[in-house]
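Spelled out, the chains give:
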Amino acid sequence: MPKATAETWMARALTLARRGLYTTDPNPRVGCVLVKQRRIVGEGFHARAGEPHAEVHALRAAGDAARGATAYVTLEPCSHHGRTGPCAEALVAAGVKRVVVAMQDPNPQVAGRGLTILREAGVEVECGLMEEQAQALNPGFILRMTRQRPLVRLKMATSLDGRTAMRSGESQWITGPRARTEVQRLRARSSAVISGVESIIFDNSRLTVRASQLDLDDAEAIASRQPLRVIVDSRLRLPQAAACLREPGRTLVATCSHDAERRSRLEAAGAEVLVLASGIDGRVDLQALLRYLANQEQANEVLVETGATLAGAMLDAELVDEIQLFMAPTLLGGEARPLFSLPGLETMAQQRALDILDIRAVGRDWRITARPQRRA
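Residues numbered from 1 in each chain as written. Predicted model: local features only at pLDDT ≥ 70, side-chain atom pairs only at ≥ 80, totals over all residues. Heavy atoms only, no water.

Novice: Explain the pairing of strand E9 (residues 228-232) to me, please; I cannot follow it from the model alone.
Specialist: Two faces make up the sheet, and in a regular strand the side chains alternate between them. With respect to burial, E9 is a largely interior element, 5 of its 5 residues being buried. Burial along E9 is two-sided: Leu228, Val230 and Val232 facing one way and Arg229 and Ile231 facing the other are all buried. As paired elements, E9 and strand E10 (residues 251-255) share 4 bridges and run parallel to each other. Bridge pairing in E10 places Val230 opposite Leu252. (Buried < 20%, exposed > 50% of the residue type's maximum accessible area, 1.4 Å probe, protein only. Helix = DSSP H or I, 4+ residues; strand = E, 2+ residues; numbered from the N terminus. Pairing = 2+ DSSP bridges.)

Novice: Would you explain the sheet that holds strand E3 (residues 70-73) in this entry?
Specialist: The strands making up a sheet associate through hydrogen bonds between their backbones, and the pairing can be parallel or antiparallel. Spatial strand order, E2-E1-E3-E4-E5: 5 strands in an open sheet with mixed pairing. The sheet is open, and its two borders are formed by strand E2 (39-45) and strand E5 (124-127), each paired with just one other strand. Neighbour-to-neighbour, the strand axes of this sheet turn through a mean angle of 15°, independent of strand direction. Where helix H2 (residues 54-62) meets the sheet, its contacts fall on strand E1 (31-36), E2 and E3, and the angle it forms with E2 comes to roughly 140°. In this fold helix H4 (residues 113-120) packs onto strand E4 (98-101) and E5, with an angle of close to 150° to the strand it touches most, E5. (Axes fitted to C-alpha atoms, helices over the stretch in contact; angles between N-to-C directions. Contact = heavy atoms within 4.5 Å.)

Novice: Any chance you could explain the UniProt feature "active site" (unreviewed entry) in the protein chain here in plain terms?
Specialist: The positions that UniProt labels "active site" (unreviewed entry) are, in the present scheme, Glu55. In this structure, Glu55 sits in helix H2. If we ignore the near neighbours within four places in the chain, the residues touching Glu55 are Cys32, Val73, Leu75, Pro77, Cys87 and Leu91. (UniProt positions renumbered as here; feature names shortened; annotations may be inferred.)

Novice: I would appreciate a short explanation of the domain arrangement of the protein chain in the present structure.
Specialist: In terms of domains, the protein chain is made up of domain 1 (6-137) and domain 2 (148-372). Taking only C-alpha atoms into account, the centre of domain 1 sits 35 Å from that of domain 2. If you look at the interface, domain 1 gives 8 residues, while domain 2 gives 11 residues. For domain 1, the biggest contributors to the area lost against domain 2 are Tyr22, Asp25 and Pro26; these three give 67% of the whole. The residue Asp25 makes a salt bridge to Arg225 at a minimum N-O spacing of 3.8 Å. The interface formed by domain 1 and domain 2 includes 4 residue pairs in polar contact (both at pLDDT 80 or more). When its residues are assigned to classes, the side of domain 1 that touches domain 2 shows 3 nonpolar, 2 polar and 3 charged. (Domains from an automatic or database assignment. Buried area = accessible area lost by both parts, 1.4 Å probe. Salt bridge = Lys/Arg side-chain N within 4 Å of Asp/Glu carboxyl O. Polar contact = N/O pair within 3.5 Å; in protein donor to acceptor, adjacent residues only side chain to side chain. Nonpolar A, V, L, I, M, F, W, Y, C, P; charged D, E, K, R; others polar.)

Novice: Help me understand the pairing of strand E6 (residues 151-159), please; the structure alone is not making it clear to me.
Specialist: Most of E6 sits inside the fold, with 9 of its 9 residues counted as buried. Residues Leu151, Arg153, Lys155, Ala157 and Ser159 point to one face of E6 and Val152, Leu154, Met156 and Thr158 to the other, with burial holding for every one of them. Both E6 and strand E12 (residues 301-305) contribute to a ladder of 5 bridges, which runs parallel. Each residue of the ladder has a partner; that of Arg153, found in E12, is Leu303. Pairing analysis gives 7 bridges linking E6 to strand E13 (residues 322-328), with the strands arranged parallel. When the bridges of E13 are listed, Arg153 appears paired with Glu322.

Spelled out as structure tokens, the structure:
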């Protein structure tokens, strides 16, 4: 058997951290492995906000064996008192002799203080092992802590000829069940799901995580945490009978309208109404909405599921970090609705370029992951 290396133990910690992919929000996903005499004596991961952190689970599993062990942690141990105590102090108290950290915590409340606590207590500290993989676990958390905005994923379903719905608005279903399962998982890992009011009017979407479609062992527990539903509705046109208002969880209507009567009716139907300033186009200021979601709702990752107009506006404002495009092997024709509405593109020099990150088959469909290139 090949000898285990530091990368081996950190890879195990990263695998553990991924078990919190759908449940830790708004906290980061973190894993920890305690190693002594080349074997694991304790391990754990953070499952839910308010519950013990990864290091605490690992220390409890190790018991007295933690003394003299090396801890491999995917994120810098916390140093502040929140709903749980500082993990850096817990590692010191347990007698851990060395701590290997994948990445420093971007949270200003920590930001190196956890590492300082460890070093000042005489613990050997190493930081940066498999940092890129650790960052990929928590892209939204990092953005929220460093730039006060969430990661924005734009999910679209399209035919092979780039159409999202028939001219009438009919769109169910372009893609197959495997693709819809992947969309449910994207919703489940998100803090919020954003849609435009037009999409809700045409499709009456619920925008919920449905356990029956997740195809995961712990689907019921995952679906018990519904992401915040956000409807961008500049003129408060959302119907009071919209299905999303009757689902578990919260529905936030973002508007720039000051129509008190319409607002009152929507609030009576179960919506929360957020009035924001309008942008230069007279519609909801999308940057202000994202700042609100990051700062007031602690949103790490946001999934945008919407039609061509809002999708185009998000892209035009360079607010999209990642596109998840599900393409079905079907044709809807030239009269069907387009994928994006991007006004003002008249020459090839104005085209919006994308970097393709991944292409893979999902059942009978294709899933394309892309990143928009920033304009020079």
